[in-house]
Amino acid sequence: HEQHRRIVRGHLRDLVARGLMHHDTREGRFDLHPILRRYAYDRLAAPDRAAAHTTLRDYFAAVPAPDKVTRLEDLAPVIELYHHTVRAGQLDEALTLFHDRLHNPLYYQLGAYQLIIDLLRPLFPDGEDRPPRLKDESAQAWTMNSLATSYSLSGQPRRAVPVFEQACAFAEKQGDKSNLAIGLGNVAYMAQLPIGALRAAEANLRRSIALCREIKNEFSEAVGHQELGRLLAHRG
């Protein structure tokens, strides 16, 4: 065993010296060069890939969560856990992990909207014009809205529009007037207004206000009036 460890250490030192592996001495971590990582990954057959991701998922699941998140690096083990959970084919478990441990610090604290997009997009293997491949319908709706709002806040409102519209169609199909009213308001003022689709934004805001009156959601109705006023001011 000692001889085997010496051989492994020798190989690691050689990879670091050649620039094929990075050694973070402060954190005590090794990381393969991206090209080498991709080469090794492509050499794995599909069953071996799933087994590798399952093993790595179990490894990162055992890493203790940070007491306090102050920088993106604090979330690195959780992000790795999320990636390997997705690639092991466990999309529902991955979304639960994202919702419970990643969304709030990434969205509200760090403003890492592009990272949120990168993390959520693999949950849409059928395309973003289709619901994410999740079992729970409320989880599907939450994921669509999270992706769309992140597109908007990262300066990509045009990409947000079809995702918002998909979420609205989903809420309407489910008869969920509350989420439909909120979704119509979101697509209007977070995506359609910034790209100049003013007539579509006005129609969505007026419909949102009407729905809010119907279900007596005064707060969302007030937001709708505020945004409609802003839109009418833009239109002169």
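Before reading further, recall that the structure is shown in the block above.
Bear in mind that the values here come from a model prediction, so they are computed numbers and not experimental data.

1. Considering the packing of aromatic side chains
How two aromatic rings sit relative to each other is given by the distance of their centres and the angle of their planes. One pass over the full model with this rule turns up 4 aromatic pairs. Ring centres of Tyr 82 and Phe 98 lie 6.0 Å apart, and the angle between their planes is 55°; this geometry places the pair in the tilted category. Pair noted here: Tyr 82 is in helix H4 (residues 76-87) and Phe 98 is in helix H5 (residues 91-109), with a separation of 16 residues, a long-range link. With respect to class, Tyr 82 is no different from Phe 98; both count as buried. Between Tyr 107 and Tyr 113, the ring centres sit 5.6 Å apart and the planes meet at 75°, which makes this aromatic pair edge-to-face. Of the residues examined, Tyr 107 reaches a relative accessible area of 16% and is grouped as buried. One aromatic cluster is present, built from ring pairs that chain together Tyr 82, Phe 98 and Trp 142.

2. Focus on the packing of H5 against helix H7 (residues 137-153)
Taken N-terminus to C-terminus, the directions of H5 and H7 make an angle of 25°; their axes are 13 Å apart at the nearest point. Taken together, the axis directions place H5 and H7 in an arrangement best described as roughly parallel. You can see that H5 and H7 cross each other, and the crossing is left-handed. Residues Leu 95, Phe 98, His 99, His 103 and Tyr 107 of H5 lie in contact with H7, whose contacting residues are Ala 139, Trp 142, Thr 143, Ser 146, Thr 149, Ser 150 and Leu 153. Broken down by class, the residue content of the contact of H5 with H7 amounts to 6 nonpolar, 6 polar and no charged.

3. Some details on the nonpolar core
Ranked by size, the top nonpolar core spans 38 residues in total, and within it Tyr 82, Phe 98, Leu 102, Leu 106 and Leu 123 carry the most contacts. Looking at this core, the elements with two or more residues in it are H4, H5, helix H6 (113-120), H7, helix H8 (157-173) and helix H9 (177-192). If one sorts the elements of this core by residue count, H5 sits on top with 8 residues. Apart from the residues within four sequence positions on either side, Tyr 82 is in contact with Ala 94, Leu 95, Leu 97, Phe 98, Leu 102, Leu 119, Leu 120 and Leu 123.

4. Description of unusual backbone geometry
Outside of glycine, negative phi angles account for most residues, and trans bonds account for most peptide bonds. Positive phi, close to 60°, is recorded for Lys 216, a residue that is not glycine. By the secondary structure assignment, Lys 216 is in the loop between helix H10 (198-215) and helix H11 (218-234).

Reading the values: rules and limits
- Residues numbered from 1 in each chain as written.
- Predicted model: local features only at pLDDT ≥ 70, side-chain atom pairs only at ≥ 80, totals over all residues.
- Heavy atoms only, no water.
- Phe/Tyr/Trp six-rings, centres within 6.5 Å; stacked < 30°, edge-to-face > 60°.
- Helix = DSSP H or I, 4+ residues; strand = E, 2+ residues; numbered from the N terminus.
- Buried < 20%, exposed > 50% of the residue type's maximum accessible area, 1.4 Å probe, protein only.
- Axes fitted to C-alpha atoms, helices over the stretch in contact; angles between N-to-C directions.
- Parallel < 35°, antiparallel > 145°, perpendicular 65-115°, else oblique.
- Left-handed = near helix turned anticlockwise from the far one by under 90°.
- Contact = heavy atoms within 4.5 Å.
- Nonpolar A, V, L, I, M, F, W, Y, C, P; charged D, E, K, R; others polar.
- Core = buried A, V, L, I, M, F, W, Y, C linked by side-chain atoms within 4.5 Å.

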